[in-house]
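# Overview (structure and organization)
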Amino acid sequence: MKSFLVSAVAIGVSVLPAAGAELPSSLDLTALRGVCVQHDGRWPPLDTVARDFVESITGQERFRGCDPMLLLLAWTFDPNTWMQEPLISISNAELRREIGLPADQTTFSYTELVNHKRLLSLIDDLSHRDSERKMDPLESKVSGIHEKLIQLQTVFRGLAIDLIPDATNPVGAWTPIGATTGGGDAAIAPMREAWEALRTAFLADDGSGFTAASQRLAEAGAALPAAFRPSTRTIAAELRYNRLSPFTTAWQIMLAGAVLSAAAMFVKRRWFDALALVGMITGFAVLTYGLSLRWQIAGRIPASNMFESLLFLSWGMGAFAILSIFVFRQRMVPQTASGMAALALILADKLPVDHFVRPIAPVLLDTVWMSIHVPIIMVSYSVLALAVLIAHVQLVAMAVAPRRVEFAGTIDGLHYWYVHVGSILLTAGIITGSMWAASSWGRYWGWDPKEVWSLVALLGYLTILHVRIDHDRIPVWGYVIGVLLVAATFAVIVPRLAPITPGKLAALGGTLAGMAILVLARGQFATAAKSIICFWLIIMTYVGVNFVLGIGLHSYGFGTGAVAHYMFLLGGIDLGFVALCAIIYLTRRGLTRLSAAPGRSRVTLTS
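Residues numbered from 1 in each chain as written. Predicted model: local features only at pLDDT ≥ 70, side-chain atom pairs only at ≥ 80, totals over all residues. Heavy atoms only, no water.

### Observations regarding the overall build of the protein chain
Applicable threshold: Numbering of helices and strands runs from the N terminus, with a helix taken as a DSSP run of H or I at least four residues long and a strand as a DSSP run of E at least two residues long. Only protein chains enter the accessibility calculation, which uses a 1.4 Å probe; a residue whose area is less than 20% of its type maximum is buried, one above 50% is exposed, and one in between is partly exposed. Contact criterion: two residues are considered in contact whenever any of their non-hydrogen atoms come within 4.5 Å of each other. Using the Shrake-Rupley algorithm and a 1.4 Å probe, accessible areas are obtained, with residue cover drawn only from the displayed protein chains.
From N to C terminus, the protein chain includes 24 helices and four strands. For the protein chain, the proportion of its 607 residues judged to be buried stands at 43%. For the protein chain, contacts bridging at least 24 residues in sequence account for 69% of all contacts bridging at least 6. Taken as a whole, the protein chain presents about 30,100 Å² of accessible surface, with 64% of it coming from carbon and sulfur.

### Examining the nonpolar core
Our working definition: Put simply, a nonpolar core is a bunch of buried Ala, Val, Leu, Ile, Met, Phe, Trp, Tyr and Cys residues held in one set by side-chain atoms that sit within 4.5 Å of each other.
The biggest cluster of nonpolar side chains holds 84 residues, and the ones touching the most others in it are Y418, L426 and Y461. A total of 16 residues in this core trace back to one element, the largest contributor, which is helix α18 (residues 369–400). With residues near it in sequence (within four places) discarded, L426 still touches I377, S380, Y381, L384, A457, L458, Y461 and I538. One finds L29, C66, M83 and A194 within the second-largest nonpolar core, a separate group that totals 61 residues.

### Quick look at the packing of aromatic side chains
Under the convention used in this document: To pair, rings of Phe, Tyr and Trp, with the six-membered ring standing in for Trp, must have centres within 6.5 Å; the planes then decide the type, stacked if under 30 degrees apart, edge-to-face if over 60, and tilted in the middle.
All chains considered together, the criterion is met by 14 aromatic pairs. Consider the rings of Y110 and F156, whose centres lie 5.3 Å apart with planes at 90°: the pair is edge-to-face. Here F156 lies in helix α9 (residues 137–156) and Y110 lies in helix α7 (residues 110–114), a separation of 46 residues in the sequence. With relative accessibility at 0%, the residue Y110 sits in the buried group. With a centroid separation of 5.7 Å and an interplanar angle of 90°, the aromatic rings of W445 and W447 are classed as edge-to-face. Exposure remark for W445: the relative accessible area of 28% places this residue in the partly exposed category.

### Things to note about unusual backbone geometry
Positive phi, close to 55°, is recorded for D205, a residue that is not glycine. By relative accessible area, which is 27% here, D205 ends up partly exposed. One non-glycine residue, S245, lies in the positive phi region at around 45°. With relative accessibility at 34%, the residue S245 sits in the partly exposed group.

### Some remarks on a nonpolar patch on the surface
This is how it is decided: A patch is a set of surface residues, each over 30% in relative accessible area and not in a salt bridge, joined within 9 Å for like charges and within 5 Å for the nonpolar side chains Val, Leu, Ile, Met, Phe, Trp and Tyr. The working definition used for a salt bridge is a side-chain nitrogen of Lys or Arg within 4 Å of a carboxyl oxygen of Asp or Glu.
Taken together, the side chains of Y566, L569, L570 and I573 define a hydrophobic patch exposed on the protein surface, amounting to about 420 Å² of accessible area. For I573, the location among the structural elements is in helix α24 (residues 562–596). I573 gets classed as exposed once you look at its relative accessible area, which sits at 53%.

### As for the pattern of salt bridges
By the definition in use, this model includes 15 salt bridges. The salt bridge involving D354 is made with R358; its shortest N-O contact spans 2.7 Å. By relative accessible area, which is 18% here, R358 ends up buried. The structure contains a network of salt bridges with shared partners spanning R33, D47, R51, E61 and D67.

### A word on helix α11 (residues 207–223)
Threshold: Given the number of residues in a helix, its expected span is that number minus one, multiplied by 1.5 Å. The arc in question is the one traced by the directions running from the helix axis out to the C-beta atoms.
Over its 17 residues, α11 extends 24 Å from the first C-alpha to the last, a length consistent with the 24 Å expected when each residue adds 1.5 Å. For α11, the set of buried residues is G207, F210, A213, S214, L217, A220 and G221. Seen from one end, α11 has its buried residues packed into an arc of 150°, which puts them on one side. Summarising the geometry of α11, the exposed residues directed more than 90 degrees from the buried face are S208, E219, A222 and A223. Lining the buried residues of α11 we find α2 (30–33), α4 (68–77), β3 (162–164) and α10 (189–204).

### Some words on the confidence of the model for the protein chain
Put simply, the test is: Values of pLDDT, which run from 0 to 100, indicate the predictor's confidence residue by residue.
Within the protein chain, residue pLDDT values average 84, and 87% of them lie at 70 or more. Of the regions scoring below 50 in pLDDT, residues 555–560 engages in 20 contacts with residues more than four places distant in sequence or in other chains. Throughout residues 600–607 the model reports pLDDT below 50, and contacts reaching past four residues in sequence, or to other chains, amount to ten contacts.

### Quick look at the environment of W82
Tracing the backbone through its elements, the reader meets W82 in helix α5 (residues 79–82). In sequence terms W82 and S109 are 27 residues apart; their C-alpha atoms lie 8.1 Å from each other.

### Here's the deal with the packing of α4 against α10
For any two helices packed against each other, the geometry is given by the interaxial angle and the distance between the axes. Using the following cut-off: Angles here are taken between N-to-C directions and fall from 0 to 180 degrees, while the axes themselves are lines fitted to C-alpha atoms, restricted in helices to the stretch in contact. Here the word oblique covers every angle except those under 35 degrees (roughly parallel), over 145 (roughly antiparallel) and from 65 to 115 (roughly perpendicular).
Close contact between α4 and α10 brings their axes to 11 Å; oriented N to C, the two are set at 105°. When the axes of α4 and α10 are compared, the pair comes out roughly perpendicular. For the pair α4 and α10, contact is made by L70, L73, A74, T76 and F77 and by W195, L198, R199, F202 and L203, respectively.

### A few points about the side chain of R294
To be explicit about the condition: Polar contact is the term for a pair of N or O atoms within 3.5 Å; when the atoms are in protein, one must be able to donate a hydrogen and the other to accept it, and sequence-neighboring residues count only if both atoms are side-chain atoms.
In this fold, R294 is placed in helix α14 (residues 270–298). In this structure the side chain of R294 is engaged in a polar contact, spanning 2.7 Å, whose partner is the side chain of E308. Setting aside anything within four residues of it in sequence, one finds R294 in contact with Y241, F247, P302, N305, F307, E308, L311, H355, F356 and V357.

### Some thoughts on the side chain of D574
Going by this rule: His is not counted, nor are the chain ends; Lys and Arg add positive charge and Asp and Glu add negative charge.
Tracing the sequence through the fold places D574 in helix α24. Buried D574, no salt bridge; nearest opposite-charge side chain is K530, N-O distance 16 Å. Not counting residues within four places of it along the chain, the set of residues in contact with D574 comprises H392, I532 and W536.

### A few points about the environment of S26
Among the secondary structure elements, S26 is positioned in the loop between α1 (2–10) and α2. By relative accessible area, which is 39% here, S26 ends up partly exposed. On a C-alpha basis, the gap between S26 and S208 in space is 8.9 Å, while along the polypeptide they are 182 residues apart. The residues contacting S26, other than those within four sequence positions of it, are D205 and G207. Within polar-contact distance, the side chain of S26 engages the side chain of D205 at 2.7 Å.

Dropping the structure here:
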């Protein structure tokens, strides 16, 4: 904390009013975008670094609609002006009140925040926090603000653009161009001179001078010896990836395809079906191309974080949507699959998750099992997500239109097929995940939270598959053995939970109730309701372990706050939906039985 304050003062922090920052308008950034730098353990083009810094600090990749390259250069070349500009958004009114910031202001400058005593005190408290304790919401938000201030400080001091390569160590740290001014190795003199010429041309909005300086900088950098430098093909692929935004384009096309597919159910014309199919295939092709670009850029399968896993979730649904057209004759199958694929991509694009390519731990990368496990597990999630969508349709159909028995039976058969295939893939995913764990960590199973919840989800789905048999096929002794096994399990677990608090007691009661529902409830309606419950076990495995528990070896997606809040909110809404459908269904069923009972012929359904 003390070093942060010293550095902040050293670069000239003041409380002067903003002078009104402006960006040059006649500069060609083409040559500069592809200049290779070192950033966050990778060697991306400068264009990617600019996007990363601008989005991390402002929350927007194109802050105020400006090119991130222009913003990064402006912050680097004219720090005194941009220190006064409001760049850091603090939109949460409760957070502003807790920190003591103005209630009517949502965006703040670097100068305002580093001179705010209450915020600095909270940042200082973070340095004395017990590292074993999970941050509370206030600490997490303050830590986020602190990280943005550190990033801005790095840019303002000219230390954000690492242009000078290490000549001997392939993984050695490159030197920031801003740290080379005022002397040093003569070999980097041409680059230093080009950088100063670039600064002069940028501040003067000299288009021709800026282009010439950019070319000189690129040539000087390429002439320097480097122990490692990515290929021009990889740099070109990343620039193309940045320019095309393939995943945004893919979900827009997929969504259009899903709408056309829904309309095709009513139009019922072959040419319209073909049009919907073209939309789905085009969106899937763009998504696949985006994944291939990201794979080439990262040098590994793009499946290491929450964003990339959502991409594979969408890819699995898109593939299933296209294949289902040739396997099923139900129009609803490709429609729901393409719709869910578009939804997964929209979530990846719009949720506040990190979408930049990041390096992963070598222990996880140096194995083929990652490339096998992740696609299998994400495709299983895709199929089970389609199952839960069908389950919601089935609940509504059986509750609102109980006389459409044939339709309900068709949906039930389709839903059961989804659950069956999804469960097989989920089993394969857990097995391959165990192989990955053995290759990376030296053990197949360690009762890590992610492993435990994946097993719980699998057991839930296996229960759905096994209890579809009729009551009369299960002997009494089967129930007795089941009760004894449950009692034995709880006898082992409960002592480990001591002391038993009201919260733990409620959790145990909920667990017993959930187990009873999964085992005892039967019938088409019950199967659909249980499928919805089990998918929330998948969501807990996929999201909750990271964003609610925040513990374990599976480190992608860690976070707190909004994600956990929305997860519980949506879970409560979905549970209410299931309960409402159950009440309507059971009420109608009870009235139907009452009307059919002997001596009750006058009682009829009036709804």
